[in-house]
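The chain contents come next:
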Amino acid sequence: MTKLIYEKSVSGRRGVLLPAAGVPTRKLSDLLPEKFMRLKPPALPEVSELESVRHFVSLSKLNHSIDSGFYPLGSCTMKYNPKINDAMASLEGFRELHPLQSEEQIQGALEVMWQLQESIAAIVGLPAVTLQPAAGAQGELLGLMLIKSYFKHKGDHARTKVIVPDTAHGTNPATAAMAGYQVVEIASNERGLVDVAALKAVLGPDVAAIMLTNPNTLGLFEEEITEAARLVHEAGGLLYYDGANLNAIMGLVRPGDMGFDVCHLNLHKSFSTPHGGGGPGGCAVACRANLEKFLPKPVVVREGERFCLDYDRPESVGKIKGFFGNFGILVRALAYILALGPEGLCQVSRDAILSANYLKESLKHAYCLPYEQTCMHEFVLSGVKQKERGVSTAQIAKRLLDYGMHAPTVYFPLVVPESMMIEPTETESRQTLDEFVEIMKKIDREISENPELVRSAPHNTPVGKLDETLAARKPDLRWQA
Ligand SMILES: *Cc1c(COP(=O)(O)O)cnc(C)c1O
């Protein structure tokens, strides 16, 4: 690894030359009380401007990113986000706004939020939208709070359960538990889909809702969704759509039309905000008219030519996030939607589905493919054939890093042993997809010829195998002498 900036420090070396200030200056000691003053100068590296530029550029290259290589991390939609959307969010009129400015001064920003609400309502087929949550998991919690308020308002206190399939994203059962519900898991059938008979068996007057992702986390479209929706509604329950990842269905099918009552969608997945690295993110929650009055306040409404913040919402669940959500993310999402238009969004999903099926068909002989039907934007392989030769999916994932590609999501969903969940997205070229196929096949050959090479990977990354638990619980982020 290259030397760190601290190790390059030379006493007295300076990076910048500032001209003398043209105004009277005051000493810090005149402004700060003695007790707040440093006792000794901070231990900052003394380097030239060039050295510090090199330091930050080399740090930026230590991590894999979508701007540096293929990133087929299933369920995360690590697609390329056009830089123009970042530029739109950086326009001075947006960037310099303060959330406490008056409605009069932020008409443009309110219009952006209103237009985004309208666009999302059209995309998901549900009329009422809030943009307040900062992440998918927070949107889910809000969605279940709406459902809870709905039943409370009706005086129906018997509904204490939420159904989730065994393929659900981990946030779904966690959210249901956090919202105070008892989680009921139902098993998928042999085709990886919700088993309608199993669903029927658990429905009753104690069920508040079912949480579903469609396509599910196996990348498979739930063909019997309208029948499932009919059954849930017949039993008096509601349907929650986990639309964290909308990349498979934009312009093709709408959660509202499938029978869902509430849904969330991550803006930091399909709608042009880079995902990963801890945010900021953005999330929209949409619902049917009968749940609208419970949405968080304020709600952006249009009155003639003006846009207003409506705080007069007595039944609202309150606030889920400060002010209006992460505004910069909302600008990116709207810029993305407007640039593509309805036909463009539809094409995004068609291309995402095509890329996933192309990879699925290209890899199904080298790796085990547990569900063979046409997939949507992602699919799941199993590394069981490689495991028989003594190499695990985790080790295959590490070996991919040596070839400059990010690993797929591994060991999820839980219903497939040694699973690899692959989501190529619509933004990758045919050449990149072919390269990935070649590398996956090459790793499979390596496992036969020299399994130790794969078991001991990664060999080319800045750091080798990490203790992943320690890295998450006790991250070592600071250089120390
Ligand atoms: C990413 C994802 C979530 C959670 O979204 P966060 O923004 O990470 O909280 C929930 N469900 C599914 C299916 C997802 O892919």
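Residues numbered from 1 in each chain as written. Predicted model: local features only at pLDDT ≥ 70, side-chain atom pairs only at ≥ 80, totals over all residues. Heavy atoms only, no water.

All right, on to the site of the ligand then. If you check the shell around the ligand, you find Ser 75, Ala 135, Gly 136, Ala 137, Glu 140, His 169, Thr 171, Asp 242, Ala 244, Asn 266, His 268 and Lys 269 and nothing else. His 169 is positioned such that a nitrogen or oxygen atom in its side chain is 3.5 Å from a nitrogen atom of the ligand. One nitrogen or oxygen atom from the side chain of His 268 is found 2.7 Å from an oxygen atom belonging to the ligand. In isolation the ligand offers 380 Å² of accessible surface; the protein chains occlude 87% of this area. Taken together, the elements giving at least two residues each to the shell around the ligand come down to helix 6 (136-154) and helix 11 (267-270). No other element matches helix 6, which puts three residues into the shell around the ligand. For the shell around the ligand, the class distribution of residues is three nonpolar, six polar and three charged. (Near = heavy atom within 4 Å. Polar contact = N/O pair within 3.5 Å; in protein donor to acceptor, adjacent residues only side chain to side chain. Areas by Shrake-Rupley, 256 points an atom, 1.4 Å probe, with all protein chains shown as cover. Helix = DSSP H or I, 4+ residues; strand = E, 2+ residues; numbered from the N terminus. Nonpolar A, V, L, I, M, F, W, Y, C, P; charged D, E, K, R; others polar.)

Together, Leu 28, Leu 31, Leu 32 and Phe 36 line one region of the surface with nonpolar side chains, adding up to about 410 Å² of accessible area. With respect to the helices, strands and loops of the structure, Leu 28 is situated in helix 1 (residues 28-31). Judged by relative accessible area, Leu 28 falls into the exposed class, the value being 54%. (Patch = residues over 30% accessible without salt bridge, like charges linked within 9 Å, V, L, I, M, F, W, Y side chains within 5 Å. Salt bridge = Lys/Arg side-chain N within 4 Å of Asp/Glu carboxyl O. Buried < 20%, exposed > 50% of the residue type's maximum accessible area, 1.4 Å probe, protein only.)

Moving on, we come to the sheet that holds strand 4 (residues 207-212). The strand order across the open sheet built from seven strands is 1-7-6-5-4-2-3, with neighbouring strands paired in mixed fashion. Since the sheet does not close on itself, it has two edges, and those belong to strand 1 (128-130) and strand 3 (182-186), each with one partner. Pairs of neighbouring strands in the sheet enclose a mean axial angle of 20°, with direction left out of account. In this sheet, strand 6 (residues 262-266) lies alongside strand 5 (residues 238-243) in parallel orientation, the contact comprising four bridges. Paired with Gly 243 across the strands is Leu 265, a residue of strand 6. The strands touched by helix 9 (residues 225-234) within the sheet are strand 4 and strand 5, with strand 5 carrying the most contacts at an inclination of about 140°. (Pairing = 2+ DSSP bridges. Axes fitted to C-alpha atoms, helices over the stretch in contact; angles between N-to-C directions. Contact = heavy atoms within 4.5 Å.)

Turning our eyes to something else, we now look at the packing of aromatic side chains. Taken as a whole and judged by the stated rule, the model has seven aromatic pairs. Both rings, one in Phe 70 and one in Phe 436, keep their centres 5.1 Å apart while their planes meet at 70°; by these two values the pair is edge-to-face. Taken together, the residues Phe 70 in the loop between helix 2 (49-60) and helix 3 (83-89) and Phe 436 in helix 15 (residues 430-449) connect sequence positions 366 residues apart. We note that Phe 70, like Phe 436, is buried. (Phe/Tyr/Trp six-rings, centres within 6.5 Å; stacked < 30°, edge-to-face > 60°.)

Our next topic: the side chain of Thr 217. Secondary-structure assignment places Thr 217 in the loop between strand 4 and helix 9. Here the side chain of Thr 217 touches Thr 167 through a polar contact of 2.5 Å, landing on its backbone oxygen. Setting aside residues up to four positions removed in sequence, Thr 217 forms contacts with Thr 167, Ala 168, His 169, Glu 378, Val 380, Phe 412, Pro 413 and Met 421.

Within the secondary structure layout, Ala 21 lies in the segment before helix 1. Judged by its relative accessible area of 52%, Ala 21 falls in the exposed class. As for Ala 21 and Ala 87, which are separated by 66 residues in sequence, their C-alpha atoms are 32 Å apart.

Turning our attention to the packing of helix 12 (residues 327-363) against helix 15. The N-to-C vectors of helix 12 and helix 15 enclose an angle of 30°; their axes lie 10 Å apart at closest approach. When the interaxial angle is binned, helix 12 and helix 15 end up roughly parallel. Seen from above, helix 12 lies across helix 15 with right-handed handedness. Listed contacts from helix 15 to Ser 355, Tyr 358, Leu 359, Ser 362 and Leu 363 of helix 12 are Arg 430, Leu 433, Asp 434, Phe 436, Val 437, Met 440 and Lys 441. Broken down by class, the residue content of the contact of helix 12 with helix 15 amounts to seven nonpolar, two polar and three charged. (Parallel < 35°, antiparallel > 145°, perpendicular 65-115°, else oblique. Left-handed = near helix turned anticlockwise from the far one by under 90°.)

Of the positions making up helix 7 (residues 171-178), those classed as buried are Asn 172, Thr 175 and Ala 176. The buried residues of helix 7 occupy an angular sector of 100° when the element is viewed end-on, so they sit on one face. As for helix 7, its buried residues are in contact with helix 6, strand 2 (161-165), strand 3, strand 4 and strand 5. Where helix 7 terminates, the next one or two residues include Gly 180, which has phi positive at roughly 90°. (Arc of directions from axis to C-beta.)

Applying the stated criterion to the full structure yields 27 salt bridges. Note that Lys 161 and Asp 206 form a salt bridge whose closest N and O atoms lie 2.8 Å from each other. Here the residue Lys 161 occupies a position in strand 2, and Asp 206 occupies one in the loop between helix 8 (196-202) and strand 4, the gap between them amounting to 45 residues. Of the residues examined, Asp 206 reaches a relative accessible area of 25% and is grouped as partly exposed. Ionic pairing is found between Lys 387 and Glu 418, a salt bridge with its closest N-O pair at 3.4 Å. Placement of Lys 387 in helix 13 (residues 384-388) and of Glu 418 in the loop between strand 11 (409-410) and strand 12 (419-422) is noted, with a sequence separation of 31 residues between them. Residue Lys 387 is classed as partly exposed on the basis of its relative accessible area, which comes to 43%. One network of salt bridges, in which partners are shared, links Glu 103, Glu 104 and Arg 306.

As a further point, take the packing of helix 5 (residues 107-124) against helix 12. Packed helix pairs are specified by the crossing angle of their axes together with the interaxial distance, meaning the distance between the axes. Closest axis-to-axis distance for the helix 5/helix 12 pair is 9 Å, and the angle between their directions is 45°. By the angle class used here, helix 5 and helix 12 are oblique. Classified by chirality, the crossing of helix 12 by helix 5 is left-handed. Touching Ala 109, Val 112, Met 113, Gln 115, Leu 116, Ser 119 and Ile 123 of helix 5 are Phe 327, Leu 330, Val 331, Ala 333, Leu 334, Ile 337, Leu 338 and Leu 345, all from helix 12. Its residues placed into classes, the contact of helix 5 with helix 12 shows 13 nonpolar, two polar and no charged.

Before going further, it helps to spend a moment on the side chain of Arg 159. On the secondary structure map, Arg 159 appears in the loop between helix 6 and strand 2. When near neighbours in sequence (up to four residues on either side) are disregarded, Arg 159 contacts Phe 151, Tyr 181, Gly 204, Pro 205, Asp 206, Val 207, Ala 208, Ala 235, Gly 236 and Gly 237.

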